[in-house]
Amino acid sequence: MSFITGYDWEKNLVKKVLRKVIPVIAWLLIWQLVAFMIHNKILLAGPLETLNALISLSQTSDFWESIAVSSTRILLGFFIGSVLGIAAAYLAYTNEVARDFLKPFVVTLKSVPVASFVILLLIWFGNRNISVIICAMVVFPILYLSTLEGFLCTDVKMLEMAQVFRMPRLRTVRYIFLPQLKPFFQSAFKLAIGMSFKSGIAAEVIGQPLHTMGNGLYLAKVYLETGELFAWTIVIVLISFICEKILALAIGRAK
Amino acid sequence: MTIEVKDIKKSYDGRTVLDNFNLNIEEEHSYIITGPSGCGKTTLLRLILGLEKPDEGTVKLLGDYKYPYINSGTVFQEDRLCEDADAVTNVTMVSRKVFKETVTQELLQLLSEDAIHKPVKELSGGQRRRVAIVRACAIPSDILIMDEPFTGLDDESREKCIEYIRHKQGSGALVLTTHDTRGLEFGRVIQMV
């Protein structure tokens with residue numbers, strides 16, 4: 001029989017943290033070394049220049065406004081795409097005609113490059129809400145396909161049980177469908193939130209709506225401010241990471 | 001209420017399972033259906049429940065019945081329980097007409113206090129079977145339909161379950177399939193071949 005003492009537990013925790021931190025530090029050092037060797041801030045800004053750029057950006061109100069505007073639009077698009085994707089998946093699950101009807105639409109959304117949609121949407125609607133629409137279009141097929149797969153994998157025997165007992169619809173959803181869908185939601189939402197930020201920012205870079213992170217990236221490119229470009233990238237990755245973790249936590253807690 | 005099973009024929013992949021089968025299921029009567037594996041016992045119950053359609057013949061509700069379907073309490077061949085939910089939740093979830101307190105009392109007739117609050121995935125096969133039996137009996141129904149309800153039960157539990165089912169049957173009908181008719185002499189035994 002073995003016991004884990006408090007000391008062992010602390011040791012394990014330190015080991016776990018070190019295993020995550022050391023590779024990051026190593027890569028930062030490599031980055032700094034390469035930047036030092038290239039010695040050209042336009043070609044490659046080092047981590048210190050990036051940090052400096054981040055600090056100076058964070059002292060402007062435009063920086064925070066851009067984060068707020070872009071995040072709100074991207075999350076709104078993510079929400080709309082998710083709701084529509086799940087609703088369409090339920091419709092496709094209950095109705096085979098609807099499933100066949102939706103198939104070409106979903107395949108098209110999945111395979112057409114985001115840039116093509118962005119240009120088309122710019123012509124149709126202008127650049128203001130481009131990231132909302134693009135995010136919804138990117139998230140929709142991800143949620144639709146995963147949710148539909150989850151529905152189709154639902155235990156038929158449990159559904160028969162619900163049918164025989166005339167189980168109330170909401171309880172069928174809660175006790176039979178949701179436990180079955182949970183792993184599908186977990187992977188779909190994780191993928192969708194990452195894709196939302198990638199496609200949303202790409203749409204903003206092309207469409208250039210004012211006071212957005214995409215516009216910040218574009219201006220950094222125009223003025224050859226590689227440090228700022230990296231700083232914006234880090235901010236985007238960080239926000240996407242935080243949203244992904246919050247979402248994973250929320251789904252993990254949902255029974 | 002009478003359920004008329006008339007001239008039923010059912011085949012799977014060219015193999016006839018039921019051929020011109022007839023049965024009238026009446027209130028207050030018990031029907032113990034027995035026979036070797038594959039003789040069509042489960043198929044017959046699935047046809048009565050409306051989960052399958054016969055190739056030929058009909059299953060009809062005769063008389064003036066309040067529902068367009070058979071209002072049954074059912075035990076399936078498998079337990080068909082929600083694994084992460086406890087026994088009480090597994091019973092209450094199927095109907096708005098049953099309440100936690102009543103269901104707890106019902107479950108305590110066949111299971112220990114400790115067992116009814118655990119997720120059913122942690123229960124033994126026999127305990128799970130008893131949860132399925134209580135689920136069928138606790139909800140208000142006009143007929144109890146049970147497919148091999150005593151699988152995995154020892155003799156003592158089996159006797160207790162038979163007593164419980166008899167008590168809960170009340171004035172309704174009971175259709176039960178089994179390989180072992182011990183203790184079920186109160187019903188009309190139908191031997192299938």
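Before going into details, it helps to say that this report is about the structure given with it.

Comments concerning the overall build of chain A
Then, number 1: Across its full length, chain A holds 10 helices and 0 strands.
Then, number 2: Secondary structure elements of chain A, listed N to C terminal, follow the sequence α-α-α-α-α-α-α-α-α-α.
Then, number 3: Whereas a compact globule of 255 residues would reach a radius of gyration of roughly 18 Å, chain A reaches 23 Å, over 25% beyond that.
Then, number 4: For the C-alpha atoms alone, the extent of chain A along its principal axes is close to 75 × 70 × 30 Å.
Then, number 5: Classification of the 255 residues of chain A by burial places 38% in the buried group.
Then, number 6: Partitioning the contacts of chain A with sequence separation of at least 6, the portion at a separation of at least 24 is 71%.
Then, number 7: As displayed, chain A has an accessible area near 15,600 Å², and 70% of this comes from carbon and sulfur atoms.
Then, number 8: Taking the average place of the 23 positive charges on the side chains of chain A and the average place of its 14 negative ones, the gap between the two points comes to 8 Å.

Notes on the packing of aromatic side chains
Residues and elements named next belong to chain A.
Then, number 1: For the coordinates displayed, the defined rule picks out 12 aromatic pairs over all chains.
Then, number 2: A centroid spacing of 4.9 Å and a plane angle of 85° characterise the contact between F63 and W64, whose relative ring orientation is edge-to-face.
Then, number 3: Ring geometry for Y93 versus F177: centroids 5.8 Å apart, planes at 85°, classification edge-to-face. Residue Y93 is found in helix α3 (residues 61-94), and its partner F177 is found in helix α8 (residues 169-207); the two are separated by 84 residues along the sequence.
Then, number 4: Through pairs of rings, three or more aromatic residues link up here, namely Y90, Y93, F151 and F177.

Some remarks on the environment of Y144(A)
Residue and element names in this part refer to chain A.
Then, number 1: Assignment of secondary structure puts Y144 in helix α6 (residues 130-152).
Then, number 2: A residue is classified by how much of its surface remains accessible, and Y144, at 3% relative accessible area, is buried.
Then, number 3: A sequence separation of 62 residues divides Y144 from S82, and the C-alpha atoms of the two residues are 8.0 Å apart.
Then, number 4: In contact with Y144, other than residues within four places in its own chain, are G85, A88, A89, A92, R99, L102 and V106.

The rules behind the values
- Per chain, residue numbering runs from 1 following the sequence as it is written.
- Both sets of labels track the order of writing: A upward for chains, 1 upward for ligands.
- With the structure being a predicted model, the display of local features is reserved for residues of pLDDT at least 70 and the display and counting of side-chain atom pairs for 80 or more, all residues being used for whole-chain, interface and lining totals.
- The basis for every side-chain value is the complete set of non-hydrogen atoms in the structure, without hydrogens or water.
- Counting from the N terminus, the helices are DSSP H or I runs at least four residues long and the strands are E runs at least two residues long.
- What the globule rule says is 2.2 Å times the number of residues to the power 0.38, and the radius of gyration is computed from C-alpha atoms.
- Type-normalised accessible area, obtained with a 1.4 Å probe on protein chains alone, sets the label of each residue: buried when under 20%, exposed when over 50%, and partly exposed for intermediate values.
- Note on contacts: a residue pair is in contact if any heavy atoms of the two residues lie within 4.5 Å.
- Working definition of accessibility: Shrake-Rupley area with a 1.4 Å probe, residue cover restricted to the visible protein chains.
- In summary, the charge assignment counts Lys and Arg as positive and Asp and Glu as negative, without counting His or the chain termini.
- Charge positions are represented by NZ for Lys, CZ for Arg, CG for Asp and CD for Glu.
- Ring pairs shown here join Phe, Tyr and Trp side chains whose ring centres sit within 6.5 Å, with only the six-membered ring taken for Trp; geometry is labelled stacked below 30 degrees between planes, edge-to-face above 60, and tilted in between.

These values are about where atoms sit, not about what they do.
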